[in-house]
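Tertiary structure, described
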Amino acid sequence: MMYALYLSAYHERKFWFSNRQELEREITFQGDSAIYYSYYKDMLKAPSFERGVYELMHNNKTVSLKTINAVQQMSLYPELMASVLYQATGSNEIIEPVYFYIGIVFGLQGIYVIALFVTSWLMSGTWLAGMLTVAWFIINRVDTTRIEHSIPLRENWALPYFACQVAALTGYLKSNLNSYGERFCYLLMSASTYTFMMVWEYSHYLLFLQAISLFLLDSFSLEQSDKVHEVYKIYIFSLFLGYLLQFENSALLVSPLLSLVVALMLAKCLQLNVKRGTFVAKIMKVISVYLVCTLTVTLNIIMKMFVPHKENGHMLKFLEVKFGLNMTKNFTMNWLLCQESLQAPSQDFFLRLTQSSLLPFYILVLIICFLSMIQVIFRRINDKSLKETVTLEDGRIGERPEIIYHVIHTILLGSLAMIIEGLKYLWTPYVCMLAAFGVCSPELWMTLFKWLRLRTVHPVLLALILSMAVPTIIGLSLWKEFFPRLMTELMELQEFYDPDTVELMTWIKRQAPVAAVFAGSPQLMGVIKLCTGWMVTSLPLYNDDDLLKRNENIYQIYSKRSAEDIYKILTSYKASYLIIEDAICNEVGTMRGCRVKDLLDIANGHVVCEEGDKLTYSKHGRFCHEVKINYSPYVNYFTRVYWNRSYFVYKINTVISFQS
């Protein structure tokens, strides 16, 4: 609750939210966030819930010449639930819609840290670990969450449910859990898995990584095999229920998660009753792993052959270019590669984690747990018997199934985060949790002392002392260094001031015809849709090939193309107004070749792309510059109707008058 209140207070200080008009508040939602919130507004304006859902499912008032099922394409289930709760609870008489909406998201972030707290507590056995987890999470929130930058993002709705699922899974995997606790964890895991899958379209990829972790755990820890296969059943149930309730979403049927789980189920059915510990059993284990991998790939290929689905071709091409397997001049691919969130993590990221002492302790804990896990694996290979109940004196933290799972899972997530910085928001929260668990766990310190063969001091006593002293020292140092900074952030009044955008939205609402269609950058189109409700030609969404193509075509207004070419592109989408953004037209990028106009020139062949390519000059000037000069042929196609320091609005002429 304190964390949710902290986020609310910080948001208020950052934007002066309570002192602004509705239009100024809505402008704080940028890009795709504006689209999500605009549909929440549409649901509240609908005469009934059923009518609102129907209009979203058959939406032809957002993108010109295109009818979309917005609920399916944009995963609007959070907005549907928020609108129902707002009206059903009578909150419309107490609180404004925007406060109710962001309040739900902030509340979910509170649940997020609760789940991390519980997970760390379950693993270490002490609440100190939970407190340290939350402290590290909040201090490193620049790298643990994107809630400050964009509230309505799907991941801000989804990741709290995934954290609850991980907490329930951690409890479920514990060896000493009673039947009531096991049943509770199973039910919580089922509910959170299904909810997570419903609110985020990429959830099945994250669950696929989790399934791989459980598969490897099953391979190393035979005692938990039945529990692991119960989790697989939850995946199957969630996938098929999600498929039915997400308008027969074929992406779930062709997902690697379904192929892997089905392969694991088939492999279990084919397992023979071979005596454990024999050479034949070891060979069968290797064959089983090979069979699962082969079946997964085969089933996925077969499903894609027979199930009609929209192939995410742009994602595959992006990965090819990202890993250097291919080269391209395509604008969309190069634009994605230039996004900071899709590049490798910067040195600043590791420096921030080191300054808060998180990264050094995480590496220490990970190394100890990983080496202990390897020891356990070799014991199994060498047929050495394992104790049914591991005590503190044994110093074998790697024998606990929940520890094995978390070690594998954090390695998989960390490997992806090292490639794409945007994935750090999936990895860093569990870095906080694992590091806090380790320093607060006497078992981890005892494992280390067993390896060091400590004799001078009783190792159990020293482990107990360190498990309390180390987190206490870390907590005091974090309090001394970072608590004043957090308080300063809450006391410091920031200001979000964008008068040019406010003036533009006001002009559109007062002067533009109701049937007008606006063309411009996708980010601006999202804000126009939210603030005015007018139809646009493109949206800042990157999961639809048609929208990606539209975005690339509309961006041509910043290229070296003729007035006639631009006019034909815009009229093909029935655009009636064009908005030129000075920030894009005169952009001074920090990365060479990553400005929008540079990427367009590369795609259009107007500059050298790679060695050996021929230099091609365009006989036309850059459109966004030329159209401002008001000379023929530009004035024949476009008439300037509004401008300020940041935006130039042109009416697209329906009757072309050629003047000399």
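Thresholds applied
- Residues numbered from 1 in each chain as written.
- Predicted model: local features only at pLDDT ≥ 70, side-chain atom pairs only at ≥ 80, totals over all residues.
- Heavy atoms only, no water.
- UniProt positions renumbered as here; feature names shortened; annotations may be inferred.
- Helix = DSSP H or I, 4+ residues; strand = E, 2+ residues; numbered from the N terminus.
- Axes fitted to C-alpha atoms, helices over the stretch in contact; angles between N-to-C directions.
- Parallel < 35°, antiparallel > 145°, perpendicular 65-115°, else oblique.
- Left-handed = near helix turned anticlockwise from the far one by under 90°.
- Contact = heavy atoms within 4.5 Å.
- Pairing = 2+ DSSP bridges.
- Nonpolar A, V, L, I, M, F, W, Y, C, P; charged D, E, K, R; others polar.
- Disulfide = S-S within 2.5 Å.
- Buried < 20%, exposed > 50% of the residue type's maximum accessible area, 1.4 Å probe, protein only.
- Salt bridge = Lys/Arg side-chain N within 4 Å of Asp/Glu carboxyl O.

Per an unreviewed UniProt entry, the recorded name for the protein chain is Probable C-mannosyltransferase DPY19L4 isoform X3, and the organism is Odocoileus virginianus. The Sequence similarities (unreviewed entry) comment attached to the protein chain in UniProt states, word for word, "Belongs to the dpy-19 family."

Structural notes on unusual backbone geometry
Most peptide bonds take the trans configuration, and most residues that are not glycine carry a negative phi. Along the chain, Ser 632 connects to Pro 633 via a cis peptide bond; the corresponding omega equals 10°. Note on placement: Pro 633 falls in the loop between helix 31 (623-626) and helix 32 (634-637). Unlike most non-glycine residues, Ser 75 shows phi in positive territory, near 50°. As for its position among the elements, Ser 75 is in the loop between helix 5 (70-73) and helix 6 (77-88). Notably, Asn 630 is not glycine yet its phi reads approximately 60°, a positive angle.

Concerning the packing of helix 12 (residues 203-220) against helix 13 (residues 225-245)
It is at 10 Å that the axes of helix 12 and helix 13 come closest, and there the two elements cross at 160°. Between helix 12 and helix 13, the angle falls in the class roughly antiparallel. For helix 12 against helix 13, the interelement crossing comes out left-handed. Residues Leu 207, Gln 210, Ala 211, Leu 214, Phe 215, Leu 217 and Asp 218 of helix 12 lie in contact with helix 13, whose contacting residues are Ser 225, Val 228, His 229, Val 231, Tyr 232 and Tyr 235.

As for the sheet that holds strand 4 (residues 638-643)
Spatial ordering of the open sheet is given by 2-1-3-5-4, a layout of 5 strands whose pairing is mixed. Sheet topology places strand 2 (535-536) and strand 4 at the edges, where each strand pairs with a single neighbour. Sheet topology note: the strand 4/strand 5 (residues 647-652) ladder contains 5 bridges and is antiparallel. Residue Phe 638 lies in a different strand from strand 5, and its bridge partner there is Ile 652. Against the sheet, helix 26 (residues 522-532) touches strand 1 (517-519), strand 2, strand 3 (577-581) and strand 5, its axis set at about 125° to strand 3.

Overview of the packing of helix 10 (residues 154-173) against helix 22 (residues 424-439)
It is at 12 Å that the axes of helix 10 and helix 22 come closest, and there the two elements cross at 40°. Classified by the angle between their axes, helix 10 and helix 22 sit oblique to one another. As helix 10 packs across helix 22, the resulting crossing turns out to be right-handed. Contacts from Glu 155, Leu 159, Phe 162, Ala 163 and Val 166 in helix 10 reach Tyr 425, Leu 426 and Tyr 430 in helix 22. Taken together, the residues of the contact of helix 10 with helix 22 sort by class into 7 nonpolar, no polar and 1 charged.

Regarding the state of the cysteines
This model, assessed by the stated rule, comprises 2 disulfides. Note on cysteine connectivity: Cys 585 is disulfide-linked to Cys 624, with sulfurs 2.1 Å apart. Classification of the bridge connecting Cys 585 and Cys 624 rests on its S-S torsion, roughly 85°, and on that basis the disulfide is right-handed. Here Cys 585 is found in helix 29 (residues 582-585), whereas its partner Cys 624 is found in helix 31, with 39 residues between them in sequence. Taken individually, Cys 585 and Cys 624 each receive the classification buried, so the pair is uniform in this respect. Disulfide connectivity for the protein chain, with bonded cysteines indexed by sequence position, reads 1-3, 2-4. Distance from the sulfur of Cys 185, which forms no disulfide, to the nearest cysteine sulfur (Cys 164) is 12 Å. Counting only cysteine sulfurs, Cys 369 is the nearest neighbor of Cys 440, a cysteine outside any disulfide, at a range of 13 Å.

Focus on the pattern of salt bridges
The full count for this structure, using the stated rule, is 26 salt bridges. Among the salt bridges present, the one from Glu 26 reaches Lys 41, with a minimum N-O distance of 2.8 Å. With Glu 26 in helix 2 (residues 22-27) and Lys 41 in helix 3 (residues 32-45), the pair connects residues that are 15 residues apart, well separated along the chain. Taking relative accessible area as the criterion, Glu 26 reaches 4% and is therefore assigned buried. Among the residues examined, Lys 41 registers a relative accessible area of 13% and is labelled buried. Linking Arg 400 and Glu 443 is a salt bridge whose minimum nitrogen-to-oxygen distance equals 3.0 Å. Placement of the pair is Arg 400 in the loop between helix 20 (358-381) and helix 21 (401-417) and Glu 443 in helix 23 (residues 442-452), with a sequence separation of 43 residues.

Things to note about the side chain of Lys 66
As for its position among the elements, Lys 66 is in the loop between helix 4 (49-57) and helix 5. In contact with Lys 66, not counting residues within four places along its chain, are Asn 59, Asn 60, Asp 544, Asp 546, Leu 547 and Arg 550.

Structural notes on the pairing of strand 5
Within strand 5, 5 of the 6 residues are buried, which leaves it mostly tucked inside the rest of the structure. Bridge count for strand 3 against strand 5 is 5 bridges, and the pairing is antiparallel. Among the inter-strand pairings, Ile 580 is bridged to a residue of strand 5, identified as Phe 648. Hairpin connection between strand 4 and strand 5: a loop of 3 residues separates the two successive antiparallel strands.

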